[in-house]
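Residues per chain are reported as follows:
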Amino acid sequence: MATQPLAVNVKYEDMKRYLLILPVLMMLFVACSHDDEDRPAPDVETVRLIISVPATSASTRMGDPGTAVDEGADWDRLAVILAYTDDSQVTLPNNSKVQVTTISKNDFVNLPIYGNTNYRLLSIDAQPGTVYIYGVTYSNAAANNPSSAIAGCKTNADVQALTISNDYSKPEGGTIDYAKFVSVATGYYKGNGNVPAEFEIKEGGTGEVGNIPTMTLTRLAAKIDIQWDAADAYEAGYTDVKVKDFKYKGTVDGRLFPDIIQSGYSATAQEWTFYNTSEISQRNGRVYHYTFPDGTTTPSVTFNISANGKDGNEITGDGYTMNFQKALQKATWYKVNATIRGITGSGTITLSMDNTGVQTGE
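Residues numbered from 1 in each chain as written. Predicted model: local features only at pLDDT ≥ 70, side-chain atom pairs only at ≥ 80, totals over all residues. Heavy atoms only, no water.

### What about the packing of aromatic side chains?
Operational definition: Ring geometry is summarised as follows: Phe, Tyr and Trp rings, the Trp one being its six-membered ring, pair when their centres sit within 6.5 Å, and such pairs are stacked at plane angles under 30 degrees, edge-to-face over 60 and tilted between the two. The helix and strand labels rest on DSSP assignments: H or I over at least four residues marks a helix, E over at least two residues marks a strand, and numbering proceeds from the N terminus. Using a 1.4 Å probe on the protein chains alone, a residue whose accessible area is under 20% of its type maximum counts as buried, one over 50% counts as exposed, and one in between counts as partly exposed.
Inspection of the entire model under this criterion finds 18 aromatic pairs. Ring geometry for Phe 303 versus Tyr 320: centroids 6.4 Å apart, planes at 20°, classification stacked. Of this pair, Phe 303 sits in strand S16 (residues 300-308) while Tyr 320 sits in strand S18 (residues 320-323), and the two are 17 residues apart along the sequence. In this structure Phe 303 comes out as buried when scored by relative accessible area, which is 0%.

### Here we look at the confidence of the model for the chain
Spelled out, the test is: Confidence scores here are pLDDT values: one per residue, from the predictor, ranging 0 to 100. For this analysis, residues touch if any pair of their heavy atoms sits within 4.5 Å.
The share of residues in the chain with pLDDT of 70 or more is 79%, and the mean pLDDT across the chain is 84. Below a pLDDT of 50 lies the segment residues 1-10, which in the model reaches zero contacts outside its immediate sequence neighbourhood of four places, other chains included. Of the regions scoring below 50 in pLDDT, residues 57-68 engages in 33 contacts with residues more than four places distant in sequence or in other chains.

### Some thoughts on the pattern of salt bridges
What counts is decided by this rule: A carboxyl oxygen of Asp or Glu within 4 Å of a side-chain nitrogen of Lys or Arg is what we treat as a salt bridge.
The final tally for this structure, using the stated rule, is seven salt bridges. In this structure, Asp 177 engages Lys 180 in a salt bridge whose closest nitrogen and oxygen atoms are separated by 3.4 Å. Overlapping salt bridges bring together Asp 74, Asp 177 and Lys 180 as one network.

### Description of empty space enclosed by the protein
Gaps left between atoms show up when a probe the size of a water molecule is rolled over them. Selection rule: Any residue with an atom within 4 Å of a point lines the site, the site being either a cavity, points on a 1 Å grid over the protein atoms alone where a 1.4 Å probe fits but cannot get out, or a pocket, an open set with protein on both sides within 12 Å along at least 5 of 7 lines. Grid points are joined across faces, edges and corners, and a volume is the space filled by probe spheres set on the points.
Enumeration according to the criterion identifies one cavity of 30 Å³ or more in this entry. For the largest cavity, the calculated volume is near 70 Å³. Lining the largest cavity are 13 residues, with Thr 251, Pro 293, Asp 294, Thr 297 and Leu 328 sitting closest to its centre. In terms of residue count, the dominant contributor to the lining of the largest cavity is strand S12 (residues 239-251) (three residues).

### Things to note about unusual backbone geometry
It is generally the case that most residues other than glycine have a negative phi and that most peptide bonds are trans. Unlike most non-glycine residues, Asn 95 shows phi in positive territory, near 55°. Here Asn 95 is to be found in the loop between strand S2 (77-84) and strand S3 (98-104). Phi is positive for Asn 144, which is not a glycine, with a value near 60°. Position of Asn 144 relative to the elements: it lies in the loop between strand S5 (129-138) and helix H3 (147-151). By relative accessible area, Asn 144 is classed as partly exposed at 43%.

Right under this line is the structure:
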């Protein structure tokens, strides 16, 4: 019985300490609250931007052939990114130098049209300072979309290094939604050059310096259109020539801004295998593959070939590889033509769309 009063006394003493400390804590809390209320909100200016996105017509396609894919139509978010220079004195959450404004596709369509163009006029409130301006369209509900990565940027370098998965719009256990895949578009304010240009948001003004800054977004995906034909192998005396499968070797991720040189960037390679299951497709066929380029990696296509030689015995090789000579460019159609001659081959890789020239396969 002697221990019970001791327990009661200990609890009573603790309670007295809490009662003494509580007013102090309340005063500190009130003081902090007043500090937050008294702290002036940062000054902002209204910045007007002129923005265009790829055409949303279902008939707009990146070259021939195959099943039509609506290119540029299936996105529902536009992220406009203002990345302040390191010396800009701005107050943003978590000491960030990046402000992201995200609007829906419907809101974008309802923006004022700029003159007699397909550009829209967007107004954004932002703090004075020097910024780089970037834009990205994507589908918010799509798997592996870049919204979280964009929101996590704190510096201009973070923005320029943004990547996007080549499994974008591919749900777990599902297949890629190519209408969404090819609807990702990116761009940035370039000023008078082809690199990101600084733009000054001035105090006491509208954020305009000379002309209103213009930003054109273009499709990010490149199209790999692959065609093969084994007819020449039969003329050379081979029989039962088969392209059982072929592999496209690219990267796990692309970059949202692949034409900006990114120091220290390192890509992770990935292969996609296309199987030819019918006899016809094993002799000749045509498929296409969309991918996000990273501006650095040079991809390749390798054909796995088997045939019966002139003596009737089956022969196989290590495959016939066609290497792209340069890193892929965004919004470009690459036509890969492979002519199979036995277990070897020849061919070309041709660029179309806004680029010219021919690359010869090896």
